[in-house]
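Chain residues, written in single-letter form:
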Amino acid sequence: MVEDVVVATVVAAVVTASFPFYVYGAWYIINQPVVTWDVLVHHLKFVVTGLALNTVPVVFWMAPRLFDNLSSLTALHAFFGLQAYAMLLFGFWGIVRIFQAKRGADLYDDPDQDVSIDELHENMGKWRTRLRVGVFGYVFFWILAYLVGVARYVRWYSIL
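Residues numbered from 1 in each chain as written. Predicted model: local features only at pLDDT ≥ 70, side-chain atom pairs only at ≥ 80, totals over all residues. Heavy atoms only, no water.

Chemist: What should I look at first to understand the packing of helix H1 (residues 4-30) against helix H2 (residues 37-62) in this one?
Modeler: Relative orientation and spacing of two packed helices are given, respectively, by the angle between their axes and the distance between those axes. At a minimum axis distance of 8 Å, the contact between H1 and H2 shows a crossing angle of 160°. In terms of axis orientation, H1 runs roughly antiparallel to H2. Considering only the axes of H1 and H2, their crossing is left-handed. Counted by class, the contact of H1 with H2 contains 21 nonpolar, seven polar and one charged residues. (Axes fitted to C-alpha atoms, helices over the stretch in contact; angles between N-to-C directions. Helix = DSSP H or I, 4+ residues; strand = E, 2+ residues; numbered from the N terminus. Parallel < 35°, antiparallel > 145°, perpendicular 65-115°, else oblique. Left-handed = near helix turned anticlockwise from the far one by under 90°. Nonpolar A, V, L, I, M, F, W, Y, C, P; charged D, E, K, R; others polar.)

Put into structure tokens, the structure is as follows:
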């Protein structure tokens, strides 16, 4: 069987590799003057890849081992990680509603319409705020969970 330190190192590398996908996905969508369907799909390819690189190790390696390795750092790491996913879910409900409104107005296929996104629905401002808070919260708690995870890794495997 593969030693724990090898698996932990691979998991740490995979989770670390997820962050550039998030950054590029965010950078790409922010720098687009108009979000068309192709822009949205390109953005989501990177964000979903980052989420997969992060979530697969959490579900299949970290979560099953949580109670076997329980300590204060483990609990803090799990708390921040759960908060990150809670914020992601919070933002998800905003993006679903924005997507529905933009799709209903055909703004993904015909983005040249002279319509402000805020005019599509009376709650658009709330949905956009929810999306921003969710994304910011996810990244904030992801970074905290990541830093605690690195500290756990260094302490558990006596790296330093």
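Chemist: What should I look at first to understand the environment of lysine 45 in this one?
Modeler: Residue placement: lysine 45 occurs in helix H2. Spatially, the C-alpha atom of lysine 45 lies 31 Å from that of valine 5, the residues being 40 residues apart in sequence.

Chemist: Explain the packing of H1 against helix H4 (residues 124-156) to me, please; I cannot follow it from the model alone.
Modeler: Packing of H1 against H4 leaves a shortest axis separation of 12 Å and a crossing angle of 155°. Overall, the two elements H1 and H4 adopt an arrangement that is roughly antiparallel. Here H1 and H4 pass one another in a crossing that is left-handed. Note on element contacts: H4 touches H1 through Tyr138, Trp142, Ile143, Tyr146 and Tyr153, opposite Val5, Ala8, Thr9, Val15, Thr16, Ser18, Phe19 and Tyr22. Partitioned by chemical class, the residues of the contact of H1 with H4 number ten nonpolar, three polar and no charged. (Contact = heavy atoms within 4.5 Å.)

Chemist: How should I be thinking about the packing of aromatic side chains in this particular structure?
Modeler: Two descriptors summarise a pair of aromatic rings, namely the distance from one centre to the other and the angle between the planes of the rings. Under the criterion given, the structure shown has 16 aromatic pairs. On the basis of an interplanar angle of 15° and a centroid distance of 5.1 Å, the ring pair of phenylalanine 19 and tryptophan 142 is categorised as stacked. With a gap of 123 residues between them, phenylalanine 19 in helix H1 and tryptophan 142 in helix H4 connect regions that are remote in the sequence. The partly exposed category is assigned to phenylalanine 19, whose relative accessible area is 29%. According to the relative accessible area criterion, tryptophan 142 is buried, its value standing at 7%. One aromatic cluster in this structure is built from Phe19, Tyr22, Tyr85, Tyr138, Trp142 and Tyr146. (Phe/Tyr/Trp six-rings, centres within 6.5 Å; stacked < 30°, edge-to-face > 60°. Buried < 20%, exposed > 50% of the residue type's maximum accessible area, 1.4 Å probe, protein only.)

Chemist: Honestly, the side chain of histidine 77 in this entry has me stumped. Any pointers?
Modeler: Turning to its location among the elements, histidine 77 is positioned in helix H3 (residues 72-104). For histidine 77, the residues in contact, after removing those within four places along its chain, are Met62, Ala145, Val148, Gly149 and Arg152.

Chemist: How should I be thinking about the environment of phenylalanine 136 in this particular structure?
Modeler: With respect to the helices and strands, the residue phenylalanine 136 is situated in helix H4. Judged by its relative accessible area of 60%, phenylalanine 136 falls in the exposed class. The spacing of phenylalanine 136 and threonine 74 is 62 residues in sequence and 23 Å in space, taken between C-alpha atoms.

By themselves these figures say nothing about function.
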